[in-house]
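# Architecture at a glance
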Amino acid sequence: MNRKPTAGWQTFNVFNVLFLTLLSLAMLLPFLNVLAQSFSSSEAIVTGKVLFLPVEFTSINYQYVFSDAAIWRSFGVTVYITIVGTLINLIATASLAYPVSRPEYAGRNAIVIMVLITMVFSAPLIPNFILMKNLHLTNSLWALLLPGAISAFNFFVMRSFFLQLPSELIDSGRIDGCSELRMIWSIVLPLSKPVMASLGIFYAVGHWNTYQNALYYINKPALWPLQVKLRQLIASEDISIDPNSSQFSGLAHMDPEGIKMATIIIATIPIILIYPFLQRHFVKGMMVGSVKS
């Protein structure tokens, strides 16, 4: 029997829709402003004419960014640490979460407590830097890949997911003679695609936006990820350009702010394009992995 929604429920829905709409606009409008400035002329940006649509449309800002070898190098570094780092994160997190989710493994509770402690107490910056230096990881991309190989929060999400796997399924694999590695590869991981996809997004976004660790541990500009390069570009008031380049003739139509906005868009678009393809797994994985039956 369908019940008619009460007045209070209808009022809640109206306010809920209005609140979510305003929240979405608060996040979308600044992005539209940045996008519009990236396609606008220097004069329009300087005079403040640009709001949410390009004024005096031009692509000169993107031509400059795409012709800058340093930005492409930083982009390549970011893509590398995102792909390799996410693989390391998922392998390391699953390798720790699976054993402590099985009741037959001794010492699992002690490991869970130790991981939980890291969520409450974290090492200060200077001891972390000394550790990285003594391990000879500074000025190396490994400084961006290894220290955060396992996120405590993601570990507990994955562990909760593994706890929900039927013990009978694991036992049947052992009866059939599967080793632990074979069982993980053939049984556990195929069933864990939702949680792997959702945590993979978390890890990938973290690597794509990596900034502080790169700023602390890497001094070589050739190893700077895109976010550090973007920070250096935004902090600089002088955007230099080679007089012999094809962009020099359009310098009058180019503004440093437009170049900065174009770089921000280039740094943002890839992760936005990837998310819709994993959204279904993301929602399912977070719902299943965060609730223990």
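Residues numbered from 1 in each chain as written. Predicted model: local features only at pLDDT ≥ 70, side-chain atom pairs only at ≥ 80, totals over all residues. Heavy atoms only, no water.

Counting 23 residues, the largest nonpolar core has Y98, F155, M158, F162, V188 and L199 as the members making the most contacts within it. Those elements giving two or more residues to this core turn out to be α4 (69–101), α5 (108–120), α8 (152–163), α10 (180–191) and α11 (193–208). For this core, the leading source of residues is α8, giving 7 residues. Apart from the residues within four sequence positions on either side, Y98 is in contact with F162, I170, R174, E180, M183, I184 and V188. Y62, F75, L226 and I266 belong to the second largest nonpolar core, which has 16 residues in total. (Core = buried A, V, L, I, M, F, W, Y, C linked by side-chain atoms within 4.5 Å. Buried < 20%, exposed > 50% of the residue type's maximum accessible area, 1.4 Å probe, protein only. Helix = DSSP H or I, 4+ residues; strand = E, 2+ residues; numbered from the N terminus. Contact = heavy atoms within 4.5 Å.)

At a minimum axis distance of 9 Å, the contact between α5 and α8 shows a crossing angle of 140°. Taken as axis vectors, α5 and α8 run oblique relative to one another. Two secondary-structure elements touch here, α5 through V112, V115, L116, T118 and M119 and α8 through A152, F153, F155, F156 and R159. Of the residues that constitute the contact of α5 with α8, the class distribution is 8 nonpolar, 1 polar and 1 charged. (Axes fitted to C-alpha atoms, helices over the stretch in contact; angles between N-to-C directions. Parallel < 35°, antiparallel > 145°, perpendicular 65-115°, else oblique. Nonpolar A, V, L, I, M, F, W, Y, C, P; charged D, E, K, R; others polar.)

Time to look at the side chain of H207. Structurally, the position occupied by H207 is in helix α11. With relative accessibility at 9%, the residue H207 sits in the buried group.

For the rest of this paragraph, the subject is the environment of L145. Within the fold, L145 resides in helix α7 (residues 142–145). The exposure class assigned to L145 is buried, which follows from its relative accessible area of 1%. Ignoring sequence-local partners within four residues, the contact set of L145 consists of I81, V84, G85, I88 and H207.

This next bit is on the environment of F153. Topologically, F153 is positioned in helix α8. The spatial distance from the C-alpha of F153 to the C-alpha of T118 is 9.9 Å, given a sequence separation of 35 residues. F153 has contacts with M119 and F202, leaving out every residue within four places of it along the chain.

So, on to the packing of aromatic side chains. This model, assessed by the stated rule, comprises 12 aromatic pairs. On the basis of an interplanar angle of 70° and a centroid distance of 6.3 Å, the ring pair of F161 and F162 is categorised as edge-to-face. Measuring from ring centre to ring centre gives 6.4 Å for Y216 and Y217, while their planes differ by 70°; the resulting arrangement is edge-to-face. Y216 sits in the partly exposed class, given a relative accessible area of 34%. A network of ring pairs unites the aromatic residues F39, F57, Y62, F66, W72, F75 and W208 as a single cluster. (Phe/Tyr/Trp six-rings, centres within 6.5 Å; stacked < 30°, edge-to-face > 60°.)

Turning our eyes to something else, we now look at α8. The α-helix winds at 3.6 residues per turn, so residues separated by three or four positions along the chain end up facing the same way. Here α8 contains 12 residues, and its C-alpha end-to-end distance of 16 Å stays within 8% of the 16 Å for a straight helix at 1.5 Å per residue. Of all 12 residues that make up α8, 10 are buried, and the element is covered over most of its length. Considered for burial, the residues of α8 that qualify are A152, N154, F155, F156, V157, M158, R159, S160, F161 and F162. (Expected span 1.5 Å × (residues − 1).)

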